[in-house]
Amino acid sequence: MTVALSRVRLALPAFTLEVDGELARGWTGLVGPSGAGKTSLLELIAGFRRPDAGSIAIHGVPVFDSEERVDVSARSRGVGYVTQDDTLFPHLPVRGNLAYGHHASKGSPADFDRIVSLLSLAPLLGRPVTALSGGEKRRVALARALLSRPRLLLLDEPLTGLDPASRDQVIASLRSIRATVPTPTIYVAHNPGEVLALCDEAIELEGGRMIRRGVPRAIFEGDRDPRLPG
Amino acid sequence: MTSASIIAFTVGMAALSLGLSLPFGLALAWLLARRRWPGKTVVETLVTLPLVLPPVATGMILLRLAGRRGALGSLFHRLFGSDIVFTWRAVVLAMTVMAFPFLVRHARVAFEEVNPRLEQVARSLGANEARVFFTITLPLAARGVVGGGILAFARAVGEFGATILVAGNIPGKTATISLAIYSDLQLGRDAEAARLVGVAAVIAFLAVWVGESFLSRRRARP
């Protein structure tokens, strides 16, 4: 199993996040009302936040365990995190942003070119990130995370806030990633259509707990977003 | 001693004091902005103290500390075989202590304004703490740090109260622009004093103008 969560607890202002279970066989969609704790859960897995208790293992390796006092730094977890907000480094051009993780992971130039062409970023390489459209920014953020060669990819609502044209572009990019990069992925979705289109499994979170899980189609029957082709 | 050499001495000592303050000032500013630790409030207060304490009082404390029988002075004498007080080293010491708060306060605010998310993402991309600081935090805080550094430099150039106590006012040895203006006036050399006042005003004007423009352009950025 990719991510094993055992009695993970984190007190949040409105409720306590309490998760127990295993995640990410292929692409796992995480859904639920806003404020259900989806982003907090990703932050715990990425090591941006520390749970109050419990343990987290990635690919069988413990990265956090409150009893054993294990707390692997975000740097060493090998988790690529594409956050909901724009976190491209504003002082670096597109190429500098992409090279940032690539350099640390000692990836080859061929890897770089492969990901750049996979996400059609070649024409953007020299541009400042402040001159990119919303969709372009998301694609650069995806490529930057992939170039750090993560063992696990976390995507937090990568389609939110985009206009329809950019949305289509990013969906196409996500499909290409899914088809060619074997990295297991946890995908926080804004609406069920995304999960139906992209994920192998869906988990519903509410009030900080997993309330349902299963094949996306079974979970969202009759609940499909017409904007997304299946 | 000519005006030119007094000006060169003052600017040189202020630059040296800024150079010495930078590594410590930036490290402290970062610790204040990004970490929680016991005694933080005490250190914060101590660093800010020279801003509000009468400079002469700071000077007297430094004189006690840096004198040959003081903790700092005796250690320095044992290590290097020379004194601090009434030498150019005392000029640098007084300037550093008086200007340090400007650097630390501005750098701290600048570091706090850097989105911590960017630092977290950099870490998740495999960067260690040093790389995060030098490639993300510092470049994004650069305007505030440079602005604070320039204001600290300007404060150091104008330092008088603490300097006169620890460094004395020894012509050709420890006389800075401010100290020379004071002695020129005492001796009735009003024209020389006026010339130095003009120079000090130009340096101060330029420094504050450049420093503030760095700080305000940072604030204006979206």
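None of the values given here were measured: they were computed from a predicted structure.

S.K.: Account for the overall build of chain B, naming residues and giving values.
M.R.: Across its full length, chain B holds 10 helices and zero strands. Taking the principal axes of its C-alpha atoms as reference, chain B extends roughly 65 × 40 × 30 Å. When burial is assessed residue by residue, chain B has 44% of its 222 residues classed as buried. Excluding contacts between residues fewer than 6 apart, the proportion of contacts in chain B whose partners are at least 24 apart in sequence is 75%.

S.K.: I'd like to hear about the nonpolar core, residue by residue, with values.
M.R.: One finds A:A143, A:L154, B:A94 and B:V166 to be the most contacted residues of the largest nonpolar core, which totals 128 residues. Here the element with the most residues in this core is helix α5 (residues 88-113) of chain B; it accounts for 17 residues.

S.K.: Would you mind going over the packing of helix α3 (residues 55-66) of chain B against α5(B) in detail, with residue names and values included?
M.R.: Between two packed helices, the angle of one axis relative to the other and the distance separating the axes together describe the packing. Residues and elements named next belong to chain B. α5 packs onto α3 with a crossing angle of 130 degrees between their chain directions and a minimal axis gap of 11 Å. Between α3 and α5, the angle is such that the two are oblique. As α3 packs across α5, the resulting crossing turns out to be right-handed. For the pair α3 and α5, the contacting residues are P55, T58, G59, L62 and A66 in the first and A90, L93, A94, V97 and M98 in the second. Residue composition of the contact of α3 with α5, by class: eight nonpolar, two polar and no charged.

S.K.: Could you give an account of the packing of helix α6 (residues 116-124) of chain B against helix α7 (residues 129-158) of chain B, with specific residues and numbers?
M.R.: Residues and elements named next belong to chain B. Between α6 and α7, the shortest axis-to-axis distance is 10 Å and the interhelical angle comes to 140 degrees. With respect to their mutual orientation, α6 and α7 come out oblique. The hand of the α6/α7 crossing is right-handed. Between α6 and α7, the residues in contact are L118, E119, A122 and R123 and V132, I136 and T137, respectively.

S.K.: Can you explain α7(B)? Please cite residues and give values.
M.R.: With 30 residues, α7(B) extends only 37 Å from end C-alpha to end C-alpha; this falls clearly short of the ideal 44 Å at 1.5 Å per step. Its maximal kink placed at B:A142, α7(B) deviates by approximately 65 degrees.

S.K.: Pulling in residues and values, what's your account of unusual backbone geometry?
M.R.: Residues and elements named next belong to chain A. In the Ramachandran plot, R69 falls in the positive-phi region, its phi being about 55 degrees despite a non-glycine side chain. Along the polypeptide, R69 turns up in the loop between β5 (61-65) and β6 (70-71). Residue classification places R69 among the exposed positions, given that 7 C-beta atoms sit within 10 Å. Although it is not a glycine, R149 sits at a positive phi angle of roughly 50 degrees. Tracing the sequence through the fold places R149 in the loop between α4 (134-147) and β8 (152-156).

S.K.: Mind laying out the pairing of strand β1 (residues 3-11) of chain A, listing which residues take part and the relevant values?
M.R.: Residue and element names in this part refer to chain A. Sheet topology note: the β1/strand β2 (residues 16-23) ladder contains seven bridges and is antiparallel. Across the sheet, residue V8 finds its bridge partner in β2, namely V19. The antiparallel hairpin formed by β1 and β2 contains four residues in its connecting segment. Direction of pairing for β1 relative to strand β4 (residues 53-58): antiparallel, over a ladder of five bridges. By the bridge assignment for β4, R9 is matched with A53.

S.K.: Go over the interface of chain A and chain B, please, and point to the residues and values.
M.R.: Facing the 19 residues of chain A at the interface are 14 residues of chain B. Among the secondary structure elements, those contributing two or more residues to the side of chain A that touches chain B are β7 (79-82) and α2 (94-104) of chain A. Looking at the side of chain A that touches chain B residue by residue, the classes come out as eight nonpolar, eight polar and three charged.

S.K.: Can you break down the sheet that holds β4(A) residue by residue, with the values?
M.R.: The pairing of strands in a sheet happens through backbone hydrogen bonds and is either parallel or antiparallel. Residue and element names in this part refer to chain A. Strand order in this open sheet of five strands is β2-β1-β4-β5-β6, and the pairing throughout is antiparallel. Strands with a single pairing partner mark the edges of an open sheet, and in this sheet they are β2 and β6. Relative to β5, β4 runs antiparallel, the two sharing four bridges. The residue of β5 that forms the bridge with I58 is V61. Most of the contacts of helix α1 (residues 38-46) go to β1, to which it runs at about 115 degrees, and overall it touches β1, β2 and β4.

Cut-offs used in this document
- Residues numbered from 1 in each chain as written.
- Chains lettered and ligands numbered in written order.
- Predicted model: local features only at pLDDT ≥ 70, side-chain atom pairs only at ≥ 80, totals over all residues.
- Helix = DSSP H or I, 4+ residues; strand = E, 2+ residues; numbered from the N terminus.
- Buried ≥ 20, exposed ≤ 12 C-beta atoms within 10 Å, placed from the backbone.
- Contact = placed C-beta atoms within 7 Å.
- Core = buried A, V, L, I, M, F, W, Y, C linked by C-beta atoms within 7 Å.
- Axes fitted to C-alpha atoms, helices over the stretch in contact; angles between N-to-C directions.
- Parallel < 35°, antiparallel > 145°, perpendicular 65-115°, else oblique.
- Left-handed = near helix turned anticlockwise from the far one by under 90°.
- Nonpolar A, V, L, I, M, F, W, Y, C, P; charged D, E, K, R; others polar.
- Expected span 1.5 Å × (residues − 1).
- Bend = angle between axes of the 7 residues up to and from the residue.
- Pairing = 2+ DSSP bridges.

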